[in-house]
Amino acid sequence: MSERKSNALINEKSPYLLQHAYNPVDWFSWSEEAFEKAKQENKPIFLSIGYSTCHWCHVMSHESFEDQTIADMLNKDFISIKVDREERPDIDHIYMAVCQAMTGQGGWPLTVFLTPEKKPFFAGTYFPRSRKYNRAGMVEVLAQLTGKWREDANRVREVGEQIIQETTARLLEHQSVGELSEETLHEAFRLYESSFDPEFGGFGSAPKFPTSHNLSFLLRYYKKTGNERSLEMVEKTLDAMHRGGMYDHIGFGFSRYSVDSQWLVPHFEKMLYDNALLLMTYVEAYQVTDKAKYAEVAEQIITYVFRDMTDVGGAFYSAEDADSEGEEGKFYVWTPDEVELVLGIEEGDLISELFDITEAGNFEGHNIPNLIQTTPASFAKRKQIPLDQLKHRMEEARVKLFEHREKRIHPGKDDKILTAWNGLMIAALSKAARALDKPAYAEAAAKAADFLLRELRREDGRLLARYRDGEAAFPGYVDDYAFLVWGLIELYETTFELRYLRDAVQLNAEMLRLFGDEEKGGLFFYGSDAEQLLTRPKEIYDGSMPSGNAAAALNMQRLAKLTYDAKLSQAADEQLQAFAGAVASYPPGHALMLAALDFVYSEASEIVIAGDPAKPETQHMLRAVQRQFLPNALLILHPPGAAGEEVRKLIPLVQDKLPLGGRATAYVCQNFACQAPTQDLEDLENLSYIR
């Protein structure tokens with residue numbers, strides 16, 4: 001057998017690009033070399049965008065890009081370019097907008113045909129090798145487009161120019177300056193309620209995505225209004241997602257989304273950002289309700305992330321694949337016989353019955369463990385088993401099943417480190433450390449932050465987007481800046497290490513300089529110093545992740561209040577105004593921007609604990625505040641001595657707030673008025689804002 005020949009992707013760092021390094025297609029990465037070659041040879045571009053854990057990307061690769069006939073067609077008549085959407089979200093955003101404009105839908109793999117000048121003239125997502133599923137096949141698409149290019153390349157270029165003009169208009173249509181009012185928050189709640197699924201939780205119908213930022217907004221709304229319905233929607237959804245098959249009951253962590261309405265069958269890939277955002281929401285739900293089950297889920301998510309998604313340097317990997325051995329979900333599913341083999345007959349039957357593992361199966365003849373039809377409490381009652389005893393048996397069985405599962409062939413892991421997604425996990429771990437009183441979580445967040453600040457910043461301070469195999473690359477996008485700043489603010493409020501707040505202020509200022517639009521406001525997706533593409537979009541809609549513009553809006557509100565920076569305060573207000581039209585037109589699509597709006601229209605407070613952090617009385621006061629759900633509060637430690645002087649330089653509001661008589665003293669200021677300082681822990685806990 002002849003040795004497989006590699007293409008130019010063999011020199012890349014991206015796991016996705018490396019997956020295609022031995023295709024017979026003569027792939028290029030996105031580069032001037034590729035476009036120059038297209039111009040010289042007068043060939044159109046075949047652009048394929050995806051990511052390493054994408055199931056349908058794998059399918060299309062196997063069907064088409066490993067096929068010699070299709071490779072020959074591409075190599076003869078096109079210049080073929082592969083892009084990892086997670087490394088180059090700027091490219092992905094633009095051409096995804098093209099695909100949505102041309103076809104009414106989008107997704108990955110994203111397939112776009114371009115002129116040598118990068119202008120799109122045809123787009124789609126997954127194409128089978130030959131026509132099926134009522135979809136045109138790659139063979140006929142390539143043949144038709146080759147013919148059109150040969151017949152009249154100039155006409156194709158005209159079409160491309162028209163599409164770019166329409167796409168640019170589409171990308172900018174969401175920006176209309178205005179003013180948002182508190183009523184927007186109430187309208188958002190009404191719209192969430194109207195789309196809520198009362199039977200299974202979540203919003204809308206299948207497929208269902210976790211969109212945890214929506215739930216976090218509803219928790220804020222509950223805090224603001226006391227509206228019980230808001231909390232009911234959150235709890236119903238969090239409980240249903242955890243009981244369903246989207247949650248990995250054996251190894252922990254959440255999959256990407258559910259293909260059905262009851263959260264049973266997941267799209268099995270696990271993404272870092274989903275688990276970070278869900279971790280935040282389960283922590284917040286625990287703070288609001290004091291229900292241990294939410295803390296337990298949060299801790300299990302962290303167990304998964306620490307075990308499977310953490311680099312030796314402390315940062316976090318991007319994703320785990322849905323597929324193993326060429327089959328989606330194979331790693332995660334079970335049969336009753338296999339459970340019995342691991343646990344024995346009696347215990348195997350009990351666990352199979354509890355987790356809906358049957359001979360018929362609930363997924364392609366196999367079983368996804370789930371608790372949709374029962375709960376441990378109701379099952380224990382029916383089986384007349386003490387609940388504590390059942391839970392003990394469940395955990396013993398889970399450990400044995402996990403150890404057995406570990407021997408299977410694992411799904412692929414995308415081990416690149418993305419600044420934006422790490423920023424979200426740093427924020428989530430910082431919140432968890434506070435709420436659950438787990439210093440180890442704060443230590444992990446700090447280690448990740450230190451890694452990013454050391455390895456993903458150039459000497460000139462410019463933040464970079466991706467690190468893998470010793471290489472940091474790609475100028476950071478607005479999400480990288482906004483999410484890392486978010487994480488650093490949360491980390492400061494957990495550890496009170498001032499350097500993290502300094503870095504947050506510095507990175508925020510650099511973000512405004514590189515991404516700010518002085519004419520219309522808001523932040524562009526990629527920087528003024530980065531490669532300038534066909535258009536320069538701004539993202540505001542919250543999809544699987546909240547938008548960088550929304551995160552920046554909330555960050556700036558918090559930083560402006562902390563630092564008394566008048567210019568930053570103005571920028572924070574302008575950030576909300578820049579997208580007011582889009583937010584007002586459909587508030588539920590902009591949950592994190594609503595959180596920034598809630599910050600403005602709520603009785604935001606500053607809580608200063610003045611005292612020696614080494615003394616128990618100071619720590620007790622800090623803990624009394626940290627364990628509460630106070631989304632619009634700023635918690636600051638004002639230590640004595642030189643450390644306090646450094647705090648006063650950065651955070652002027654602590655200036656006159658000192659430990660009285662050398663004892664830890666709490667100052668709570670709300671709505672531009674400060675309450676009397678207190679040194680009594682019970683008094684602090686009984687303040688109306690803290691409760």
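Scroll up for the structure.
Residues numbered from 1 in each chain as written. Predicted model: local features only at pLDDT ≥ 70, side-chain atom pairs only at ≥ 80, totals over all residues. Heavy atoms only, no water.

Some details on helix H21 (residues 548-563)
Between its first and last C-alpha atoms H21 spans 22 Å; for 16 residues at 1.5 Å apiece the expected length is 22 Å, and the two agree. The buried fraction of H21 is high, at 15 of 16 residues. After H21 finishes, the residue Tyr564 shows a positive phi value of roughly 55°. (Helix = DSSP H or I, 4+ residues; strand = E, 2+ residues; numbered from the N terminus. Expected span 1.5 Å × (residues − 1). Buried < 20%, exposed > 50% of the residue type's maximum accessible area, 1.4 Å probe, protein only.)

Let's talk about the packing of helix H20 (residues 498-515) against H21
Between H20 and H21, the least distance of the axes is 11 Å, while the angle of their chain directions is 125°. Considering their axes alone, H20 and H21 lie oblique with respect to each other. Seen along the crossing, H20 lies across H21 with a hand that is left-handed. Across from Leu501, Ala504, Val505, Asn508, Met511 and Leu512 in H20, the residues of H21 making contact are Ala552, Met556, Leu559, Leu562 and Thr563. Looking at side-chain class alone, the contact of H20 with H21 contains 9 nonpolar, 2 polar and no charged residues. (Axes fitted to C-alpha atoms, helices over the stretch in contact; angles between N-to-C directions. Parallel < 35°, antiparallel > 145°, perpendicular 65-115°, else oblique. Left-handed = near helix turned anticlockwise from the far one by under 90°. Contact = heavy atoms within 4.5 Å. Nonpolar A, V, L, I, M, F, W, Y, C, P; charged D, E, K, R; others polar.)

Some points on the sheet that holds strand E1 (residues 27-29)
Strand pairing in a sheet relies on backbone hydrogen bonds, with the paired strands running either antiparallel or parallel. The strand order E1-E3-E2-E4-E5 describes an open sheet built from 5 strands, whose pairing is mixed. This sheet does not close on itself; its edge strands, each paired only once, are E1 and strand E5 (120-124). Here the strands of the sheet are splayed against their neighbours by 25° on average, with no regard to which way each runs. Examined bridge by bridge, strand E4 (residues 110-114) and E5 share 4 bridges and lie antiparallel to one another. Its bridge partner being in E5, Leu114 is matched across the sheet by Pro120. (Pairing = 2+ DSSP bridges.)

What about the packing of helix H18 (residues 439-455) against H20?
Contact geometry for H18 and H20: axes closest at 12 Å, N-to-C directions at 45°. The angle between the axes of H18 and H20 places the two elements in the oblique class. For the crossing formed where H18 meets H20, the hand is left-handed. Listed contacts from H20 to Ala446, Ala449, Asp450 and Leu453 of H18 are Arg499, Tyr500, Asp503 and Leu507. Looking at the contact of H18 with H20 residue by residue, the classes come out as 5 nonpolar, no polar and 3 charged.

With respect to the packing of aromatic side chains
Within this structure, the stated rule accounts for 32 aromatic pairs. Taking 5.9 Å as the distance between ring centres and 70° as the angle between the ring planes, the aromatic pair formed by Phe46 and Phe65 counts as edge-to-face. Of the two residues, Phe46 sits in strand E2 (residues 45-50) while Phe65 sits in helix H3 (residues 55-65), which places them 19 residues apart along the sequence. A single burial state applies to Phe46 and to Phe65, both of which are buried. The interplanar angle of 20° and the centroid separation of 5.7 Å between the aromatic rings of Phe254 and Tyr282 together place this pair among those described as stacked. Here Phe254, found in the loop between helix H10 (228-243) and strand E6 (257-258), pairs with Tyr282, found in helix H11 (residues 272-289); they are 28 residues apart in sequence, far enough to count as distant. Here Tyr282 falls in the buried class, since its relative accessible area comes to 0%. (Phe/Tyr/Trp six-rings, centres within 6.5 Å; stacked < 30°, edge-to-face > 60°.)

Here we look at empty space enclosed by the protein
Going through the model one piece at a time under the given rule, you end up with 5 cavities of 30 Å³ or more. Each pocket or cavity is described by its volume, and for the largest cavity that value is around 460 Å³. Secondary-structure elements contributing two or more residues to the lining of the largest cavity are helix H9 (212-225), H11, helix H17 (419-436), helix H19 (478-495), H21, helix H24 (591-601), helix H25 (616-626) and strand E17 (633-638). It is H11 that contributes the most residues to the lining of the largest cavity, 6 residues altogether. Together, 13 residues line the second largest cavity, and Gly245, Tyr247, Asp248, Tyr332 and Ile368 are the ones closest to its centre. When the residues that make up the lining of the second largest cavity are grouped by side-chain class, the tally is 7 nonpolar, 3 polar and 3 charged. (1 Å grid on protein atoms, 1.4 Å probe; cavity = no way out; pocket = protein on both sides within 12 Å on 5 of 7 lines; lining within 4 Å. Points joined across faces, edges and corners; volume = space filled by probe spheres on them.)

A few points about a negative patch on the surface
Taken together, the side chains of Asp337, Glu340, Glu346, Asp349 and Glu359 define an acidic patch exposed on the protein surface. Tracing the chain through its elements places Glu340 in helix H13 (residues 336-343). Judged by its relative accessible area of 31%, Glu340 falls in the partly exposed class. (Patch = residues over 30% accessible without salt bridge, like charges linked within 9 Å, V, L, I, M, F, W, Y side chains within 5 Å. Areas by Shrake-Rupley, 256 points an atom, 1.4 Å probe, with all protein chains shown as cover. Salt bridge = Lys/Arg side-chain N within 4 Å of Asp/Glu carboxyl O. Lys, Arg positive; Asp, Glu negative; His and termini not counted. Charge placed at Lys NZ, Arg CZ, Asp CG, Glu CD.)

So, the state of the cysteines
Per the counting criterion, the structure on display carries 2 disulfides. Two residues, Cys54 and Cys57, share a disulfide whose sulfurs are 2.3 Å apart. For the disulfide bridge between Cys54 and Cys57, the dihedral angle about the S-S bond is near 80°, and by the sign convention the bridge is right-handed. For the pair Cys54 and Cys57, one class covers both residues: buried. With a sulfur-sulfur separation of 2.0 Å, Cys669 is cross-linked through a disulfide to Cys674. An S-S torsion of about 100° defines the bridge between Cys669 and Cys674 as right-handed. Exposure remark for Cys669: the relative accessible area of 5% places this residue in the buried category. Take the cysteines of the protein that form disulfides and number them in order along the sequence; they join up as 1-2, 3-4. The thiol sulfur of Cys99 is not disulfide-bonded, and the nearest other cysteine sulfur, from Cys57, lies at 13 Å. (Disulfide = S-S within 2.5 Å.)

Focus on unusual backbone geometry
The step from Trp108 to Pro109 runs through a cis peptide bond, and the omega angle for that step is 5°. Relative to the assigned elements, Pro109 resides in the loop between helix H5 (89-103) and E4. In this structure, Pro207 follows Ala206 across a cis peptide bond, with omega equal to -5°. The backbone of Phe252 sits at a positive phi, close to 75°, despite the residue not being glycine. Within the secondary structure layout, Phe252 lies in the loop between H10 and E6.

A short note on the sheet that holds strand E16 (residues 605-610)
An order of E17-E16-E18-E19 is seen for the 4 strands of this open sheet, with the pairing classed as mixed. Sheet topology places E17 and strand E19 (673-674) at the edges, where each strand pairs with a single neighbour. Relative to strand E18 (residues 665-670), E16 is paired through 6 bridges, and the arrangement is antiparallel. Note that in E18 the partner of Ile609 across the bridge is Ala666.

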